Each structure stands twice: as structure tokens, then as C-alpha cells.
Amino acid sequence: MSATFVGMPGFPSYPAFPEAAHEAVRDETLRGNLRHATHTIRAKRARAVAEVSDWAALREAGRRIKDHTLRHLDRYLVQVEEAVTAAGGTVHWAVDAQEANRIVADLVKATGESEVVKVKSMATQEIGLNEALEAEGIRAYETDLAELIVQLGKDRPSHILVPAIHRNRSEIRDIFRSEMGEWGRPAPEGLSDTPAELAEAARLHLREKFLRAKVGISGANFVVAETGTLVVVESEGNGRMCLTLPETLISVVGIEKVVPTWRDLEVFLQTLPRSSTAERMNPYTSMWTGTTDQDGPSTFHLVLLDNGRTDTLADEVGRQALRCIRCSACLNVCPVYERAGGHAYGSVYPGPIGAILSPQLRGTGSEIDASLPYASSLCGACYEVCPVAIDIPEVLVHLRERVAQGDQVTRGGNKVVLRPAKGHAAERAAMRAARWAFTHPGVLRTGQRLASRTRRLHPRTLPGPGKAWSGTRDLPPVPAEPFRDWWQRTGGGKEGTK
Ligand code: SF4
């Protein structure tokens, strides 16, 4: 497949999945880092989930709450706006990344500040907020440890929960030593690669930024509609600092993050930590409702982000991707992600959820988006672990169908075509040939008999375009006798076999 380069926040000039994955699987260090990290997290998650006797009921409750909320999203979003406004906050609506970035940049400029501290946030990565602020002369400091490593290393995130999962400890030490001084307090002399020393270096580096910052930027894991309360869960405490110390707080939140009530929230506060970090509860759960005198930020802005979500909601099969609570359990069990790594997905959403979310949110019809639904073996491990029961294989197959048909979808008021990538043209031709053969039983039978009689002459690898495919797979052996002949001869096996 030829490379198509597409521009997207944080992922400029990125090739389609097969090409990107091809590079990644040859990187033994990357594969080693990923294998160690994903196997460790998945084993811990399995133990944490096994502790809960009603896990299946919690999972079903989560699915129902999300589906109900998405069905009535218009009503709940208005409820959020009213509640946040009543609590002293200001709500902004952003139809796409450009509008969201403009709103945030204008809000920061209005404070007179030229730097902000950030809580880890997928929504702000999705819209490329850091790059947009940089273009306006505003520097955004990531404060989550893994995000800090990615930012200092001029790297890209490769995992939803652990963005620097592709880095090992000695790589992180080298990044701290060479880059921290460029961004503020340098790394201590003689920094080693022990976790304690690395964490201390990051703590000292970030502390001065927390104490100086006047503006904080966050996302949110949930927004409770009945009170307009935002919720951020995290493990390090950096989020708590960003959410409480600055005078102005700006939160950019996808519209699908709403839950109707506190009772609904209770379900996700049980399933999210066990699915993501394998903890019984998150070490830090921060909640805030508008502003409060003498406590926390005095100004609060909520930017509600669409950016393709309403279009995704219109797809009856694909809309279940909006249930996602970004736990990353599906990444940690995915055999494709484990080998290809997160960068191959060309998006801030890697792994199985990225393969169904990115093509729906972006809908660009580019080769990378057309290739993502094929970035899966359809083994179903992602569905098994998903705490909101997103049937990812079902959505993958649905999106493949749309890609194969050259489906037209609407994005931002424009019609765009989901184009089949070049490699898929051969697949379509093979499917057409198979359909013809299956609708001509006489030809199929003759072909099967011929294949059985000549089976010793069959090559172990396919020639031409099929060479790469068969180079990594064993072709199934052709039986000495076609199944249908065997069935007729034995009366369905009653007379035994030869
Ligand atoms: S799709 Fe499911 S398992 Fe994957 S990140 Fe989202 S909620 Fe977690």
C-alpha cells in the first residue's frame, strides 16, 4: 500500500496503518517495552476485576447508562449548561477542533498569561491544543508524568493511559537529563534510572510550574448533569494541583462524557479504576461544581466539544464507540497493539478503540482512516474486557463494510467518501471471485476435486501480491477428498471414512 500522509494534531505526515506497523514490528526495543508493560497491566486488571462478584452486572449497568445518556444527549447537555452556569461557570460550545482551540486561546489571552499547566486530557490532545496555543505564543506544560516524558522527548503518545509506554527507564532518564533544563528546572546531577529518582526529578521540575501558573487546563472523565459537576480521576496528584491552584480553570470535554446523575457516576467509579490501573479506586478523584469563594479557581470555563461526535451518534452500529470511558483495557489485551505499538494508529486514540473511534470522528476518507478498521484480527479480546461492553469487532466489521463500499458520510456539513485503500481492492476482487464460485456449484465442485488431486504440488507461499500475506501464515492443507464428496460417500459420516 502506498503511503498517504495526512495532517492531524500531533500526528503530522503519518502513513497508513500497515506501513507504520511494518516499521514498528521491526523495533525490538519497542516490542519488548510493550510486551512487558501490557502483560503486567492485563494480569493486574484480571485480578482486580475477579475480586468483584457483580462485575457482569456493573458492566451491563454501565452500558445501559451510556446508551440512555447518548439517546437523550440533547436534553442532558442543556441540563449541564444550566447547572454549570448556575454554579458560576461559563459554558462554550465548540463544533470542531479549530473552534475549541480558538475559544481556549482567547480565554487564556484574556487573562494576560502566556503559560498554562495541563492535566492529562485526551480531548485536548485530539484537537491539538498545545500546538494551537504555541502558535498564539502560549506555552502549555503537561504535568502528568507520562505526558511530561512525551512532551520533553518531543514524542507522540502511544497509549491512552500510559502515553510513554513505549519508553523504558533508561530512555526516560536520558530524556530528563537532556531536556528538562530547556523547559525549566533541570534534572538533578547524576540522575539514575530508578523509579524513585525519576519521580523526584519530575516532582521538583513540576512543582515550580504549579506554584507559578495562573491558568489550568483540563479535560474530564465525567460530567454529572444533575449538578453540573466535573470529575477527574488520576493517580499522581498532579491533576489535583492543576485543578485547585490556578485562578482560572478551562476544561475541554467531549459531549459524550455526560452522565445523568451521581448514582450513575457510582457505577463508573467502580469499573474505571479496576479496568485501567487495576486499582479498587483511584488515588485522586477531583470533583468541582462551578466556582467557590476562597476555594479553588475563581473563574471556570467549560468547553463542550463535538468534533465528529454528533455524526458518530447518527451511525446505529458505530455509535457504541461513544460509550468509551478511556480505560485502555482493550489496548492491553490486543495482540495487534502489542506488536505494532500506539504510533502506528496515527491518532491520539490507539489500539482497538482507536481503530473504531478515529475513522468515525475524523471521517476524512484518508488511507489511514480507511486502513484502521482492518488493524485487528477480530479475536474479540477487546470486547471481553471492555467495562461498557462496546462490541469493537462488530463495529470494525461494520466500518470495513463502509470502507469497501466507498461509503459517503457527512462531516462538518460536508460529504466525504470513505475510500477503500489500495490493498483492499485486491480483497474486493477476491471476494467477488468467491461469490461467483459459490453461486456456481458445479464449478466449485470441479475446482475442489482438482485442488485435492493436485494438493502435493501446491506451493507453501502464494506468488505475487499474496506473498507478503502467506509469508507470515501457514496455508491450511487441502484435504485428500473434498468435504462434499466425503459427505455423499459416507452418508454424513454414518459409514465411516476411508
Ligand atoms: S473501548 Fe472499552 S476497553 Fe477500550 S478504552 Fe474504551 S471503555 Fe476501555
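Predicted model, so just to flag it, every value in this text is computed and none were measured.

Chemist: What is the right way to read the overall build of the protein chain from this model?
Modeler: In terms of regular secondary structure, the protein chain is built from 23 helices and 12 strands. Here the C-alpha radius of gyration of the protein chain, 25 Å, is about what a compact globule of 498 residues would show, namely 23 Å. For the protein chain, buried positions account for 50% of its 498 residues. Taking contacts inside the protein chain between residues at least 6 apart in sequence as the whole, the part at least 24 apart equals 72%. The protein chain carries 62 positive and 60 negative side-chain charges, and their two centres are separated by 10 Å.

Chemist: Can you help me understand the domain arrangement of the protein chain in this one?
Modeler: Interface extent is often summarised as the accessible area lost during association of the parts. Structurally, the protein chain comprises domain 1 (17-45 + 327-417), domain 2 (57-309) and domain 3 (440-497). A C-alpha centroid distance of 56 Å is found between domain 2 and domain 3.

Chemist: Explain the packing of aromatic side chains here, please?
Modeler: Aromatic rings in a pair are described by how distant their centres are and how their planes are angled relative to each other. Counting across every chain of the model gives eight aromatic pairs. A centroid spacing of 5.5 Å and a plane angle of 25° characterise the contact between Phe-222 and Phe-268, whose relative ring orientation is stacked. In this pair, Phe-222 is assigned in strand S5 (residues 222-224) and Phe-268 in helix H12 (residues 262-276), connecting sequence segments 46 residues apart. A ring pair is formed by Tyr-337 and Tyr-345, whose centres lie 6.4 Å apart and whose planes are at 35°; its orientation type is tilted. An identical accessibility class is assigned to Tyr-337 and Tyr-345; each is buried. Grouping aromatic residues by their ring pairs yields a cluster made of Phe-17, Tyr-337 and Tyr-345. Geometry around Tyr-76 places Arg-75 over its ring, the cationic atom sitting 5.0 Å from the centre. The ring of Tyr-141 is capped by Lys-209, whose NZ or CZ atom sits 4.3 Å from the centre of that ring.

Chemist: What should I look at first to understand the pattern of salt bridges in this one?
Modeler: Pairing of side chains with opposite charge becomes possible as their charged atoms draw close. Taken as a whole and assessed by the stated rule, the structure comprises 23 salt bridges. Note that Glu-51 and Arg-280 form a salt bridge whose closest N and O atoms lie 2.7 Å from each other. Of this pair, Glu-51 sits in the loop between helix H2 (28-50) and helix H3 (55-71) while Arg-280 sits in the loop between H12 and strand S9 (284-289), placing them 229 residues apart in sequence. Here Glu-200 ties to Arg-203 by a salt bridge, and the two come within 3.1 Å at their closest N and O atoms. In this pair, Glu-200 and Arg-203 both sit in helix H10 (residues 195-212), three residues apart, roughly one turn of the helix. Glu-200 gets classed as partly exposed once you look at its relative accessible area, which sits at 34%. Look at Arg-203 and you get partly exposed, because its relative accessible area is 41%.

Chemist: Explain the nonpolar core here, please?
Modeler: Nonpolar side chains in soluble globular proteins generally cluster together in the buried interior. The biggest cluster of nonpolar side chains holds 56 residues, and the ones touching the most others in it are Phe-17, Phe-222, Ile-353 and Ile-356. A per-element tally of this core places helix H16 (residues 351-362) first, with five residues. Residues from two domains meet in this core; each of domain 1 (17-45 + 327-417) and domain 2 (57-309) gives at least three. Leave out the neighbours within four places in its chain, and Ile-353 touches Ile-160, Ala-321, Cys-324, Cys-330, Leu-331, Ser-358 and Ile-392. In this structure, Val-150, Phe-176, Ala-187 and Leu-230 belong to the second largest nonpolar core, which totals 45 residues.

Chemist: Just checking my understanding: could you explain the site of the ligand for this structure?
Modeler: All residues adjacent to the ligand are Cys-324, Ile-325, Arg-326, Cys-327, Ser-328, Cys-330, Ile-353, Cys-386, Pro-387, Val-388, Ile-390 and Ile-392. Of the residues belonging to the shell around the ligand, the class tally is 10 nonpolar, one polar and one charged.

Chemist: Is there a simple way to think about the side chain of Glu-142 in this case?
Modeler: Position of Glu-142 relative to the elements: it lies in strand S3 (residues 139-142). Looking at Glu-142, its side chain comes within polar contact range of the side chain of Lys-118, at 2.8 Å. Every residue in contact with Glu-142, bar those within four places of it in the chain, is listed here: Lys-118, Val-119, Asn-130, Glu-147, Leu-148, Gln-151 and Leu-206.

Chemist: Just to check I follow, could you spell out helix H19 (residues 392-404) for this structure?
Modeler: For an α-helix, the turn length of 3.6 residues means that residues three or four places apart are oriented alike. For H19, built from 13 residues, the straight-helix expectation of 18 Å at 1.5 Å per residue is met to within 8% by its first-to-last C-alpha distance of 18 Å. Those residues of H19 that fall on the buried side of the exposure criterion are Ile-392, Pro-393, Val-395, Leu-396, His-398, Leu-399, Arg-400, Arg-402 and Val-403. Gly-406, located one to two residues past H19, shows a positive phi value of around 60°.

Chemist: What is the right way to look at the sheet that holds S3 in this model?
Modeler: Backbone-to-backbone hydrogen bonds pair the strands of a sheet. The strands run either parallel or antiparallel. Within the open sheet, the six strands sit side by side as S1-S10-S7-S4-S2-S3. Their pairing is parallel. Both edges of this open sheet fall to strand S1 (90-94) and S3, since each of them pairs with a single strand only. Looking at each pair of strands side by side, their axes are set apart by 25° on average, direction ignored. Both S1 and strand S10 (residues 299-305) contribute to a ladder of five bridges, which runs parallel. Across the sheet, residue His-92 finds its bridge partner in S10, namely Val-303.

Chemist: So what exactly am I meant to see when it comes to the environment of Pro-260 here?
Modeler: By the element assignment, Pro-260 lies in the loop between strand S8 (258-259) and H12. In this structure Pro-260 comes out as buried when scored by relative accessible area, which is 7%. For the pair Pro-260 and Asn-221, spaced 39 residues apart in the sequence, the C-alpha separation amounts to 14 Å. Contact partners of Pro-260, with chain neighbours within four places excluded, come to Ile-65, His-68, Thr-69, Tyr-76, Val-224, Ala-225 and Glu-226.

Conventions used here
Along each chain, numbering runs from 1 in the same order as the chain's sequence is written. In keeping with the predicted nature of the model, local features appear solely for residues at pLDDT of at least 70, side-chain atom pairs appear and are counted solely at 80 or more, and the whole-chain, interface and lining totals rest on all residues. Each side-chain value is derived from all of the structure's non-hydrogen atoms; neither hydrogens nor water enter the calculation. By the criteria applied, helices consist of DSSP H or I runs no shorter than four residues and strands consist of E runs no shorter than two, each listed in order from the N terminus. C-alpha atoms define the radius of gyration in this analysis, and the globule rule sets the expected value at 2.2 Å times the number of residues to the power 0.38. Classification of residues uses two cut-offs on accessible area relative to the type maximum, computed with a 1.4 Å probe and protein chains only: under 20% is buried, over 50% is exposed, and between them is partly exposed. The contact criterion used throughout is that any non-hydrogen atoms of two residues lie within 4.5 Å. The positive count covers Lys and Arg only, the negative count covers Asp and Glu only, and His and the chain ends enter neither. Charge positions are represented by NZ for Lys, CZ for Arg, CG for Asp and CD for Glu. What fixes the domain bounds is an automatic or database domain assignment. What counts as a ring pair is set by centres within 6.5 Å for rings of Phe, Tyr and Trp (its six-membered ring), and what kind of pair is set by the plane angle: stacked under 30 degrees, edge-to-face over 60, tilted for all other angles. Put simply, a charge is over a ring when the Lys NZ or the Arg CZ is close to the ring centre, within 6 Å, and near the line of the ring normal, within 35 degrees. Salt bridges are defined by distance alone: a side-chain nitrogen of Lys or Arg within 4 Å of a carboxyl oxygen of Asp or Glu. What is meant by a nonpolar core is a set of buried Ala, Val, Leu, Ile, Met, Phe, Trp, Tyr and Cys residues, joined one to another through side-chain atoms within 4.5 Å. By convention in this text, a residue qualifies as near a molecule or strand provided that one of its non-hydrogen atoms is within 4 Å of it. By the convention adopted, Pro, Cys, Tyr, Trp, Phe, Met, Ile, Leu, Val and Ala count as nonpolar, Lys, Arg, Asp and Glu as charged, and the other residues, Gly among them, as polar. Counted as a polar contact is a pair of N or O atoms within 3.5 Å, where, for protein atoms, one must be capable of donating a hydrogen and the other of accepting one, and residues adjacent in sequence contribute only when both atoms are in side chains. Expected span of a helix, by definition, is 1.5 Å for each gap between consecutive residues, and there is one gap fewer than residues. Two strands form a pair only when DSSP identifies at least two bridges running between them. Simply put, an axis is a line fit to the C-alpha atoms, just over the touching stretch for a helix, and the angle between two N-to-C directions goes from 0 to 180 degrees.

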